[in-house]
Amino acid sequence: FPPAVFPLSCVVQNYSWGKVGLESEVAKLVASGDPLVQIQPDQPYAELWMGAHPRGDALIRDNRIPQKTLGQWIADNPACLGAKVKDAFQGQLPFLFKVLSVNTALSVQAHPNKELAAKLHAQFPEHYPDANHKPEMAIALTRFEGMCGFRPVEEIVSFLQNVPELRALIGEVAAEQLERSGSDDPRGVSAALRVCFTRLMKSEKKFFVDQLNMLVKRISQEAAEGKDTSGSNGDLLLRLHSQYPGDIGCFTIYFLNLVRLEPGEAMFLGANEPHAYLHGDCVEIMACSDNTVRAGLTPKFIDVLTLCEMLNYTPAPSSSKIFPAAQSQLDPHVYLYDPPVPDFTIMRIEIPASIKLYLISAMDSASILLVIRGTAVGTSTAAASEMSLQRGSVLFISANESISLHLSSPDGMLLFRACCLL
């Protein structure tokens, strides 16, 4: 009977925006999970991929298992997904679980819904590699900053009045249309917002670079004189401009909410929600897709027309972007982040130091378990032998299997468990 619970060795992505060396939570987790790994002090460690994605399929760390990767193992043992998950997602693991360590901003982007994804994939398969949607959720491990969703209109209007360079790019007609749009007409507001944002994103390169340079010069002078530049969102502007000089994405700070998460807080990014991660470490879970429509703060392929067409132009305050965790009714140590999509759920499991034996309970879904803090020995009837767990350990747990944790750390344990609750 093959082991159905086993440790994984996961793929690191060294994207240029990642934190460098042991500044990176990804690097720290990898180094403590596998002492043989050498961390390069000048290399970015941006993402850790825990799953069976073809571009980053996890290796199985158990030499009694003939399959080398998780993807191969699931293909040969699809029942491990759980009956409902296997049927709903055609024998594929429906999610990709990640850790991200963000040093410089990621591109301004959105992910298509299923209908648009299918269309984009058919037309431009080289840029849109699959036909799936890609909702995602990020949970902060350290203080985490990102932009997400359109700001309330009054905030955008205030920037249009305080930042003449922004107004010049959008034009007087569009700016006035937004200023006049009333809260009693949400469709009118969304239409005006769409026009303003599209005008910004489609402005002529030379023109917006000139305006951006004027803005940066003005804000730098004001900051040097000790003036308050918050009316122009000065601090963030200078930071993004230093990372991506001359990039249109610098102006998106006037349209998108700045969301700050404390450790344990989450944001959910549904289809067509504009967003850009700015700084910090998080765990992230997403539907298994690579479809991203980008339009700034990036050297990658950008598709401004598609982005401006697809976005959800519903303004909302930044506080509404924080996704709440619900304490489990069945186990007070478990907090559930259960978003409005079927593809994934995350559990945060906090085990206090007073508990020495804890059961990771069985569920009708395959799951992936990540240890952030603490040490334990794990035993399971479905594992070949006992497993030592420490910071950075990653386990695959087949559906309907459980693990007993025998805790040995003085400060308890913090774990995240990714699964699919249909």
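Please read all numbers here as calculations on a predicted model, not as lab measurements.

Caption draft 1: Examining the layout of surface pockets more closely. Its volume calculated, the largest pocket comes out at about 600 Å³. Contributing to the lining of the largest pocket are 32 residues, with Trp 17, Gln 109, Thr 292, Arg 294 and Lys 300 lying nearest its centre. Mapped onto the lining of the largest pocket, the elements with two or more residues apiece are β5 (47–50), β7 (95–102), β13 (275–287) and β14 (293–294). Its residues assigned to classes, the lining of the largest pocket shows 15 nonpolar, seven polar and ten charged. Its boundaries defined by the atoms lining it, the second largest pocket holds a volume of some 340 Å³. Together, 17 residues line the second largest pocket, and Phe 89, Gln 92, Leu 93, Pro 94 and Cys 288 are the ones closest to its centre. A total of three residues in the lining of the second largest pocket trace back to one element, the largest contributor, which is helix α2 (residues 70–76). Taken together, the residues of the lining of the second largest pocket sort by class into nine nonpolar, six polar and two charged.

Caption draft 2: Expanded view of the environment of Trp 17. Its location among the elements puts Trp 17 in the loop between β2 (11–13) and β3 (19–20). Sequence separation between Trp 17 and Gly 378 is 361 residues; the distance between their C-alpha atoms is 35 Å.

Caption draft 3: Here's a closer look at the environment of Val 334. Tracing the chain through its elements places Val 334 in strand β17 (residues 334–337). Linking Val 334 and Thr 306, residues 28 residues apart in sequence, is a C-alpha distance of 40 Å. Not counting chain neighbours up to four residues away, the residues in contact with Val 334 comprise Ala 326, Gln 327, Ser 328, Met 347, Arg 348, Ile 349 and Tyr 358.

Caption draft 4: How the structure looks around unusual backbone geometry. With a phi angle near 70°, Asn 272 is a residue other than glycine that sits in the positive phi range. You can see Asn 272 is positioned in the loop between β12 (266–269) and β13. We classify Asn 272 as buried; its relative accessible area is 14%.

Caption draft 5: Up close: the UniProt feature "domain: Phosphomannose isomerase type I catalytic" (unreviewed entry) in the protein. Within this structure's numbering, the places UniProt gives as "domain: Phosphomannose isomerase type I catalytic" (unreviewed entry) are residues 5–153. The span residues 5–153 is 22% helix and 27% strand, and its two end C-alpha atoms sit 50 Å from each other.

Caption draft 6: Representation of the pattern of salt bridges within the structure. Enumeration according to the criterion identifies 18 salt bridges in this entry. With a shortest N-O distance of 2.9 Å, Glu 165 and Arg 218 are connected by a salt bridge. Residue Glu 165 is found in helix α6 (residues 164–170), and its partner Arg 218 is found in helix α9 (residues 205–224); the two are separated by 53 residues along the sequence. A network of salt bridges, in which partner residues are shared, links Glu 145, Arg 239 and Arg 260.

Caption draft 7: Quick peek at the UniProt feature "binding site: Zn(2+)" (unreviewed entry) in the protein. Annotation from UniProt places "binding site: Zn(2+)" (unreviewed entry) at Gln 109, His 111, Glu 136 and His 275. Spatially, the listed residues are clustered: although they cover 167 residues, their C-alpha atoms lie within 12.3 Å of one another. Those annotated residues lining the largest pocket are, specifically, Gln 109, His 111 and Glu 136. Relative to the assigned elements, His 111 resides in the loop between β8 (109–110) and α4 (114–123). Not counting chain neighbours up to four residues away, the residues in contact with His 111 comprise Lys 134, Glu 136, Ala 271, Asn 272, His 275, Asn 291, Thr 292 and Met 310. Looking at His 111, its side chain comes within polar contact range of the side chain of His 275, at 3.4 Å. Looking at the secondary structure, you find Glu 136 in strand β9 (residues 136–140). When sequence neighbours within four positions are dropped, the list of residues in contact with Glu 136 reads Gln 109, His 111, Met 267, Phe 268, Leu 269, His 275, Tyr 277, Glu 284, Ile 285, Met 286 and Phe 344. Polar side-chain contacts of Glu 136 include one of 2.9 Å to the side chain of His 111.

Scoring rules and cut-offs
- Residues numbered from 1 in each chain as written.
- Predicted model: local features only at pLDDT ≥ 70, side-chain atom pairs only at ≥ 80, totals over all residues.
- Heavy atoms only, no water.
- 1 Å grid on protein atoms, 1.4 Å probe; cavity = no way out; pocket = protein on both sides within 12 Å on 5 of 7 lines; lining within 4 Å.
- Points joined across faces, edges and corners; volume = space filled by probe spheres on them.
- Helix = DSSP H or I, 4+ residues; strand = E, 2+ residues; numbered from the N terminus.
- Nonpolar A, V, L, I, M, F, W, Y, C, P; charged D, E, K, R; others polar.
- Contact = heavy atoms within 4.5 Å.
- Buried < 20%, exposed > 50% of the residue type's maximum accessible area, 1.4 Å probe, protein only.
- UniProt positions renumbered as here; feature names shortened; annotations may be inferred.
- Salt bridge = Lys/Arg side-chain N within 4 Å of Asp/Glu carboxyl O.
- Polar contact = N/O pair within 3.5 Å; in protein donor to acceptor, adjacent residues only side chain to side chain.

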